[in-house]
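Structural features, examined
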Amino acid sequence: MQVTNAEQMVQKAKFNRFHGMLLFWGALLMLFDGFDLTIYGAVVPTLMKEWGISAVQAGMYGSYALFGMMFGALIFGTLADKLGRKKIILICVFIFSLFMLLAGLAPSPELFGLFRFITGLGLGGMMPNVIGLISEYSPDGLRSRMIATIMAGYSIGGVVAALLSMILITNFGWESVFFFGALPILFLPFLVKLLPDSVGTLMAKNDQKGIQKILVKVNATYKPVENETFVLNKPKQDSSPVKNLFTENRGLLTVMIWLTYFMSLLMIYGLNTWLPKFMTEAGFPLGSSLSFLLALNVGATIGAILMGWLADRWGVGKALILFFVIAAISITSLGFATNMILLYVMVAIAGAATVGTQNLTHSYTSQFYPITMRSTALGWALAVGRIGGILGPTIGGILLASQLTLQVNFLVFAIPGVIAAFAVFLANQQGEKVITTQHQLDTPAN
């Protein structure tokens, strides 16, 4: 009987057609997650006028989807390590597509808020599982770039949302952009056929033939044999996967990663929700204000790709610290820039250093947790981060209602960047101990 380490076989693979297929579907799904991030900020000035809601109420409705994302990440991120990432991804795509459609049909702000909450459940559950699946099948040395590539889809979704909003809202109403967001329901038959399941899930099912079929696609050097059994680098723990996030020197690391996600998503959702409204309050017309949202997400798209390459060369921990500091500086500068060209440049840099930096945190987190608990780790980090995301739109609404200066508004959203940089600094110190412990406990087999 031959024993093969399936995880090592994946890690030693060369990038091929299978990886390209994963990147395509991962990026496409992330596009619609990014679309959702931006779309509420694009429609909020129209909703406030049409439904007669205040800035504080608008901030609360903007947070409903984020509450859903928090619970979705917690529930589906943990379930995936038991039921399989593919199954959870399919369920989540169906949920968010259906309720994105219903949000566009909502006759009242209350029903709109409910549908946005359920949309968030699907989106919150999908992201950690797509990231976990891509991370699991990434060859050595390519993880940051592969995750950065699919997260570029997330940033492109923001660009698409800003562009479509500029075209569709004035011509067809705010509802039309939500109808576009429901399109992924049409992808489900293709996802059922093409997405692979997690190797860990197949091992739990004792599906040796299924693992062989996947490994043949992943690694051209792999040759299946009869009576072959498979192992991972580390056996699956019997205890709670959530409890395991705090074992083997990971306690402080996990808390610092959660703090990083919290601060990062507070900046991202605060800016994407309120940037157009901040700019209209500063005297820019709505069309011009939406163009700032476009610049923010164009910068995020470029940043997502560029930072993935830099992180693979410098080390993702060091890169995160630098980019969070840049985020804080660029966001602060938005309140002081007067030249239009400079303002657009700083908005783009802010997009690159917030959304682009957040994309890096996923590959950063993945390296510290074994394959059997990676979805749980990402799911909980995103869930805690969503609390910051929930606060972002709410804080923006309070700032707007308080009629503070533009400089103070942006400064409030810049401070979390400094806190996140410090959290990553502490996480880097503890992460070295975690990786050392992991290497000592790994039991590779050939």
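See the structure above.
From a predicted model like this one, the values you see are computed outputs, not experimental measurements.

1. Some details on the overall build of the protein
Per the secondary structure count, the protein includes 16 helices and two strands. Summarising its shape, the C-alpha atoms of the protein cover approximately 75 × 45 × 35 Å along the three principal directions. Relative to its 446 residues, the protein shows a buried fraction of 61%. Taken as a whole, the protein presents about 16800 Å² of accessible surface, with 69% of it coming from carbon and sulfur. The averaged location of the 19 negative side-chain charges in the protein is 5 Å from the averaged location of its 27 positive side-chain charges.

2. Focus on the packing of helix H2 (residues 17-51) against helix H11 (residues 251-281)
Between H2 and H11, the least distance of the axes is 8 Å, while the angle of their chain directions is 35°. Along this stretch, H2 crosses H11, giving a crossing that reads as right-handed. Residues Leu37, Thr38, Tyr40, Gly41, Val44 and Met48 of H2 form the contact with H11, whose own contacting residues are Ile268, Tyr269, Asn272, Thr273, Trp274, Pro276 and Lys277. When its residues are assigned to classes, the contact of H2 with H11 shows eight nonpolar, four polar and one charged.

3. Here's the deal with unusual backbone geometry
Unusually for a residue other than glycine, Gln403 sits at a positive phi of about 55°. Mapped onto the elements, Gln403 comes out in the loop between helix H15 (374-402) and helix H16 (406-441).

4. Looking at the nonpolar core
With 144 residues, the main nonpolar core has Met126, Tyr137, Phe178 and Leu191 as its most contacted residues. By residue number, the principal contributor to this core is H2, which donates 19 residues. If near-sequence neighbours (up to four positions away) are discounted, Tyr137 is found in contact with Val10, Phe18, His19, Leu22, Pro196, Asp197, Ser198, Val199, Ile214 and Val218.

5. Thoughts on helix H6 (residues 143-172)
Because the α-helix completes a turn every 3.6 residues, residues three or four places apart line up on one side. Between its terminal C-alpha atoms H6 stretches 41 Å, which fits the 44 Å expected from 30 residues at 1.5 Å a residue. Of all bends in H6, the biggest is about 40°, found at Ser165. Gly173 lies just past H6 and shows a positive phi near 90°.

About the cut-offs
Residues numbered from 1 in each chain as written. Predicted model: local features only at pLDDT ≥ 70, side-chain atom pairs only at ≥ 80, totals over all residues. Heavy atoms only, no water. Helix = DSSP H or I, 4+ residues; strand = E, 2+ residues; numbered from the N terminus. Buried < 20%, exposed > 50% of the residue type's maximum accessible area, 1.4 Å probe, protein only. Areas by Shrake-Rupley, 256 points an atom, 1.4 Å probe, with all protein chains shown as cover. Lys, Arg positive; Asp, Glu negative; His and termini not counted. Charge placed at Lys NZ, Arg CZ, Asp CG, Glu CD. Axes fitted to C-alpha atoms, helices over the stretch in contact; angles between N-to-C directions. Left-handed = near helix turned anticlockwise from the far one by under 90°. Contact = heavy atoms within 4.5 Å. Nonpolar A, V, L, I, M, F, W, Y, C, P; charged D, E, K, R; others polar. Core = buried A, V, L, I, M, F, W, Y, C linked by side-chain atoms within 4.5 Å. Expected span 1.5 Å × (residues − 1). Bend = angle between axes of the 7 residues up to and from the residue.

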